[in-house]
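Read off the chains here:
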Amino acid sequence: MNRFAPYVFLRDFASRWDVLAFIVVIGLIAFLGETSRGLFAPLSQLEITPLSLSPSHLPEYAARTTFRMLAGLVLSLAFTLTYATWAAKSERAGKLLVPILDILQSVPILGFISITVVFFMSLAPARVLGAEFAAIFAIFTSQAWNMAFSFYQSLRTVPLELIEASESFRLSPWMRFWQLEVPFAMPALIWNMMMSMSGGWFFVVASESISVGHTTVSLPGVGSYIALAIQQKNLSAIGWAIATMLIVILLYDQLLFRPLVAWVDRFRVEQEPGVRVPDSWALTMMRRSRLIQGATVAFHAAVLWTSRAVKRSDEPPAAAAATPKRSLDLLWVSLVVAAVVLGLWHIVWVLIKNTPLREALEVCGLAALTMLRVFILIALASCVWVPIGVWVGMRPRAAQIVQPIAQFMAAFPANLLFPIAVYGIVSWKLNPDIFLSPLMILGTQWYILFNVIAGASAIPAEMRYVAANFRVAGWLWWRKVALPAILPFYVTGAITASGGSWNAAIVAELATWGQTEVKARGLGSYIAEATTAGDFHRIILGIGTMSLFVVVINRLFWRPLYYYAERKYRLT
């Protein structure tokens, strides 16, 4: 008789996967509790315990930064599921919401901080919590827009046969959203969530080390640690910061993104037999743990209950899709036009009253220089990353290897390269207008790669088999199979990369290392200098000019290209 037989019930009660899940959950709770410590402390506490460049403080700083970025990611996901869905579902609302998204994407993170820091600090006066709100919102603004664009693009390109199937099963709009549209959009959304997390790292210095005019706040975190290391010209501290970022990104990859990538693989439109599917030990733990299974069952029950609560209308499809009444359209357009006119009038009046014509023309010239840099860099990045992204996206095993590497490279803040950039430009007397430009595309080129990988992984297996049977290869394969299939995804990535490059210009066009400063002529350095000086008139002028340029470029070039790709190359 087995002497351990009396304890068999323990195995039925909790397996080794339950123990592992329990350890992970308790670790997360402890992590949240530790990082939330001191949120309600007085703001003066930050001055009493100043930042230290000692590596022993980096685990605490990394935990605080990770918490802020997770909070920003959760807010970005909630924003995506509501805002992008509204824009995609309502043609009338989409005409306003999509341009607003273009404008929000074009507003630099320093612009959001300059305008909102006073508001968030007033929510918790003289408390650290107000500064934390400001930092989390700044990280949110670096994460939300590309996720919203990705989800919007997916909702607009759901295959028609799937929509017809949902109509045949008489799914309510709520059920169709959770049972069809969200699963269809998940693969591309997960890749963009990875990119959003990396984008948060790219702007982590600006979000944690806030300096607007006479307001200076340095929250404990990796970003403020990097800012202090740059100020003190401490190369060893920058090395420790890079190592810490690498460890945190690997933890993110193993505990969050790799399980999500493996989980959403089942939502791909086409499942090719014989292909090795992505796997993850964390996902295996979640599937085999009774604790997490219970939480999953509860979530599914909640979704099913809400699906039944939201009844499907018995109205015929033709009547449900009938054109809204003309009076409602006129009322909506009138309200939108009135709001836009009032807002523009207020901004233009303030700018005209305080801006000489010479300064306005100078700012437009600086914007034209930045625009030229963005166009050239996006073209070069596309030539490099589109072929690589297609190759990786069609090979799931390669995607698992490339995923953490691309996350780390995308998260690498441009500030960490300031020592090399400043030293090289000063030592060899190089032209800053040229040699600072690559810093603009450092973090944003990965939007193109991630979206192309998502598009290539969604190419139906039948399409590849047909091309192989007809011996379609070389440039003909690219022109007839690959490029049409990935074009909607590429345009989504290019739009976000373009807007992100404008945003990154503020960091890239003004590089500092200690007391040494190297500046490239452009709109980014203009806004950076105005923000440091606290000149709100110049900040508004610079942000308004940047937003105007980005919106006009999107309206005249990127949006027509996007609608062309959506209309002609949609999977049906």
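Residues numbered from 1 in each chain as written. Predicted model: local features only at pLDDT ≥ 70, side-chain atom pairs only at ≥ 80, totals over all residues. Heavy atoms only, no water.

(A) Representation of the side chain of Gln153 within the structure. In this fold, Gln153 is placed in helix H7 (residues 128–156). Those residues in contact with Gln153, other than ones at most four positions away along the chain, are Pro488, Phe489, Thr492 and Tyr562. (Helix = DSSP H or I, 4+ residues; strand = E, 2+ residues; numbered from the N terminus. Contact = heavy atoms within 4.5 Å.)

(B) Representation of the pairing of strand S4 (residues 516–519) within the structure. Of the strand pairs in this sheet, strand S3 (residues 510–513) and S4 are connected by 4 bridges, and their pairing is antiparallel. Counterpart to Trp513 in the pairing with S4 is Thr516. Where S3 folds back on S4, the antiparallel hairpin that results is connected by 2 residues, among which Gly514 adopts a positive phi of roughly 70°. (Pairing = 2+ DSSP bridges.)

(C) Region of the structure containing empty space enclosed by the protein. If you walk through the whole model with that rule in mind, you get 3 cavities of 30 Å³ or more. Each pocket or cavity is described by its volume, and for the second largest cavity that value is around 150 Å³. Around the second largest cavity, the lining comprises 14 residues; the ones closest to its centre are Ser142, Phe203, Tyr447, Gly500 and Asn503. In the lining of the second largest cavity, the residues fall into 4 nonpolar, 10 polar and no charged. (1 Å grid on protein atoms, 1.4 Å probe; cavity = no way out; pocket = protein on both sides within 12 Å on 5 of 7 lines; lining within 4 Å. Points joined across faces, edges and corners; volume = space filled by probe spheres on them. Nonpolar A, V, L, I, M, F, W, Y, C, P; charged D, E, K, R; others polar.)

(D) Summary view of the packing of aromatic side chains. Summed over all chains, the structure comprises 21 aromatic pairs. Seen in terms of ring centroids, Trp385 and Trp446 are 4.8 Å apart; in terms of plane orientation they differ by 45°. Their pairing is tilted. Of the two residues, Trp385 sits in helix H17 (residues 357–393) while Trp446 sits in helix H22 (residues 445–457), which places them 61 residues apart along the sequence. A single burial state applies to Trp385 and to Trp446, both of which are buried. (Phe/Tyr/Trp six-rings, centres within 6.5 Å; stacked < 30°, edge-to-face > 60°. Buried < 20%, exposed > 50% of the residue type's maximum accessible area, 1.4 Å probe, protein only.)

(E) Unusual backbone geometry, seen in detail. You will see that Lys233, though not glycine, has its phi angle at about 55°, which is positive. Structurally, Lys233 is set in the loop between helix H11 (222–231) and helix H12 (235–264). The phi torsion at Arg471 lies on the positive side, around 55°, for a residue other than glycine. Of note, Arg471 is situated in the loop between helix H23 (461–469) and helix H24 (474–508).

(F) Representation of the side chain of Arg258 within the structure. Tracing the chain through its elements places Arg258 in helix H12. On the accessibility criterion, Arg258 (15% relative accessible area) is buried. Non-local contacts of Arg258, meaning those with residues more than four positions away in its chain, are made with Asp253, Asp279, Ser280, Gln400, Gln403 and Pro404.

(G) Structural view of the pattern of salt bridges. Overall, the coordinates contain 10 salt bridges when judged by the stated rule. A salt bridge links Arg68 to Glu132; the nearest nitrogen and oxygen atoms lie 2.7 Å apart. Within this pair, whereas Arg68 is found in helix H4 (residues 58–89), its partner Glu132 is found in helix H7, the two being separated by 64 residues in sequence. Of the residues examined, Arg68 reaches a relative accessible area of 1% and is grouped as buried. A salt bridge links Glu509 to Arg373; its shortest N-O distance comes to 3.0 Å. Here the residue Glu509 occupies a position in the loop between H24 and S3, and Arg373 occupies one in helix H17, the gap between them amounting to 136 residues. Look at Arg373 and you get buried, because its relative accessible area is 9%. A cluster of three or more residues bridged by salt bridges with shared partners is formed by Lys89, Glu167, Arg176 and Glu181. (Salt bridge = Lys/Arg side-chain N within 4 Å of Asp/Glu carboxyl O.)

(H) Highlighting a positive patch on the surface. A cluster of basic residues, Arg479, Lys480, Arg567 and Lys568, forms a positive patch at the surface. With respect to the secondary-structure elements, Lys480 resides in helix H24. Classification of Lys480 as exposed rests on a relative accessible area of 54%. (Patch = residues over 30% accessible without salt bridge, like charges linked within 9 Å, V, L, I, M, F, W, Y side chains within 5 Å. Areas by Shrake-Rupley, 256 points an atom, 1.4 Å probe, with all protein chains shown as cover. Lys, Arg positive; Asp, Glu negative; His and termini not counted. Charge placed at Lys NZ, Arg CZ, Asp CG, Glu CD.)

(I) Spotlight on H17. With 37 residues, H17 should reach 54 Å at 1.5 Å per residue; the first-to-last C-alpha distance of 50 Å fits that figure. Along H17, the largest kink reaches about 30° and is centred on Trp385; proline Pro387 follows within four residues of it. (Expected span 1.5 Å × (residues − 1). Bend = angle between axes of the 7 residues up to and from the residue.)

(J) Local environment of the confidence of the model for the protein chain. With 84% of its residues at a pLDDT of 70 or more, the protein chain shows a mean pLDDT of 80. Across the protein chain, H17 holds the top mean pLDDT of 93, while helix H15 (residues 317–320) sits lowest at 46. For the stretch residues 316–323, pLDDT sits under 50, and the model shows 1 contact to residues farther than four places along the chain or on other chains. (pLDDT = per-residue confidence, 0-100.)

(K) Structural view of the packing of H24 against helix H25 (residues 523–533). Where H24 contacts H25, the axes come no closer than 7 Å and their chain directions differ by 55°. When the axes of H24 and H25 are compared, the pair comes out oblique. Relative to H25, H24 is oriented so that their crossing is right-handed. Between H24, through Trp502, Ala505 and Ile506, and H25, the contact on the second element is made entirely by Leu523, Gly524, Ser525, Ile527 and Ala528. (Axes fitted to C-alpha atoms, helices over the stretch in contact; angles between N-to-C directions. Parallel < 35°, antiparallel > 145°, perpendicular 65-115°, else oblique. Left-handed = near helix turned anticlockwise from the far one by under 90°.)

(L) Examining the packing of H11 against H12 more closely. Direction vectors running N to C along H11 and H12 enclose 160°, while the axes themselves pass 9 Å from each other. Considered as vectors, H11 and H12 are oriented roughly antiparallel to each other. Crossing angle aside, the handedness with which H11 passes H12 is left-handed. In contact with Val222, Tyr225, Ile226, Ala229 and Ile230 of H11, H12 contributes Ala237, Ile238, Trp240, Ala241, Thr244 and Met245.

(M) Representation of the environment of Leu260 within the structure. Mapping Leu260 onto the fold places it in helix H12. Once the C-alpha coordinates of Leu260 and Pro278 are considered, the two residues, 18 residues apart in sequence, prove to be 9.9 Å apart.

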